[in-house]
Amino acid sequence: MALKKKSGGEGGANWMDTYGDMVTLLLCFFVLLYSMSTIDQEKWMMIVQSFNKTAEVSVDDRPTGPDGEGTNDGGGGMPSTTDVDSAMEELLEFLEMTAAGQASDAISVSQGDGYVYVAFNSSVFFDGDKWELRPEGKAILDEILPALDAAAPFVDEIRVSGHTARAQGTYNVEWDFRLSSMRAVEVVSYLLGNSNELDPARIQPMGYGQWRPVAGNEAESDRSKNRRVEMMITGKDIEDKMGDSITQYYTSTDQTQPGVS
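Because the structure is predicted, anything quoted here is derived from the model rather than measured.

Take the sheet that holds strand β1 (residues 107-111) next. In space, the five strands of this open sheet follow the order β1-β2-β5-β3-β4, with mixed pairing throughout. The open sheet terminates on both sides in strands that have one partner only, identified here as β1 and β4 (203-207). Sheet twist, expressed as the mean angle between neighbouring strand axes with direction ignored, is 15 degrees. Judged from the five bridges that link them, strand β3 (residues 155-163) and β4 form a sheet pairing that is parallel. If you follow G162 over to β4, its bridge partner there is G207. Contacting β1, β2 (115-121), β3 and β5 (228-235), helix α5 (residues 135-151) runs over the sheet at an angle of about 15 degrees to β5.

A separate point is the side chain of E157. In this structure, E157 sits in strand β3. Reaching out from E157, the side chain makes a polar contact with the side chain of R159 at a distance of 3.1 Å.

For the rest of this paragraph, the subject is a negative patch on the surface. On the surface, D85, E89, E90, E93 and E96 cluster together to form a negatively charged patch. Here D85 is to be found in helix α3 (residues 81-100).

Glancing now at the pairing of β5. The element β5 is largely enclosed, with a buried count of seven among its eight residues. The pairing of β2 with β5 spans seven bridges and is antiparallel. Each bridged residue has a counterpart across the sheet, and for V118 the counterpart in β5 is M231. Bridge count between β3 and β5: eight bridges; the pairing is antiparallel.

Our next topic: the nonpolar core. Formed by 36 residues in total, the largest nonpolar core has its most connected members in F120, F125, V187 and M231. Looking at this core, the elements with two or more residues in it are α3, β1, β2, α4 (122-125), α5, β3, α6 (173-193) and β5.

The rules behind these values
Residues numbered from 1 in each chain as written. Predicted model: local features only at pLDDT ≥ 70, side-chain atom pairs only at ≥ 80, totals over all residues. Heavy atoms only, no water. Pairing = 2+ DSSP bridges. Helix = DSSP H or I, 4+ residues; strand = E, 2+ residues; numbered from the N terminus. Axes fitted to C-alpha atoms, helices over the stretch in contact; angles between N-to-C directions. Contact = heavy atoms within 4.5 Å. Polar contact = N/O pair within 3.5 Å; in protein donor to acceptor, adjacent residues only side chain to side chain. Patch = residues over 30% accessible without salt bridge, like charges linked within 9 Å, V, L, I, M, F, W, Y side chains within 5 Å. Areas by Shrake-Rupley, 256 points an atom, 1.4 Å probe, with all protein chains shown as cover. Salt bridge = Lys/Arg side-chain N within 4 Å of Asp/Glu carboxyl O. Lys, Arg positive; Asp, Glu negative; His and termini not counted. Charge placed at Lys NZ, Arg CZ, Asp CG, Glu CD. Buried < 20%, exposed > 50% of the residue type's maximum accessible area, 1.4 Å probe, protein only. Core = buried A, V, L, I, M, F, W, Y, C linked by side-chain atoms within 4.5 Å.

Put into structure tokens, the structure is as follows:
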């Protein structure tokens with residue numbers, strides 16, 4: 001008697017249904033991930049609340065810290081780039097207000113890419129062919145010192161440069177550069193002598209003599225513009241570990257930076 005082979009019917013293909021469901025779910029999962037790669041706030045809230053109707057979705061743009069406080073500070077107390085930018089903006093606004101309260105040509109303030117630039121009229125700061133600070137110059141520095149102290153943790157470098165007008169008659173190169181350099185040194189010395197926040201390693205006096213004029217040298221009104229002291233204040237580049245001029249110096253000379261272990 002011949003035995004008939006038992007037919008499995010259609011039940012053998014049931015595993016294909018399960019496999020198809022799994023592939024479909026995986027596809028939906030990856031589509032969901034792709035859709036979230038660029039987060040739209042309203043869509044994100046809808047997705048979260050679809051899983052949990054009672055969920056409270058925060059709309060605060062700032063990430064919260066481990067204790068639930070709204071803070072994005074990190075790096076062991078290192079200020080964020082936003083803080084540096086804010087400090088430079090506040091310094092610029094304060095200096096502009098100070099300039100507005102002075103004589104029209106006593107101070108000029110402007111902003112560049114990552115720095116604040118200040119120019120002081122030398123006639124306010126110094127007598128002719130002198131480098132000793134006048135009382136009017138000291139008063140102006142006293143006004144801006146609180147702002148410099150407040151911005152000190154965010155400052156990479158303060159470059160103070162002295163300039164002279166072109167000499168009429170015999171040119172004495174030694175006197176020209178000495179005069180411009182000592183005027184810069186006088187400003188730096190006064191700042192450091194009256195501040196507890198500014199880092200001396202970050203302040204650099206420089207003398208350029210008559211060789212970087214901003215006006216002509218024929219008329220006295222133009223020559224007076226060339227007799228000036230300038231201050232360029234640059235902010236730290238927090239995102240670049242080597243964006244700090246002091247760090248660059250100690251790294252390039254293979255030295256240990258004071259106060260840094």
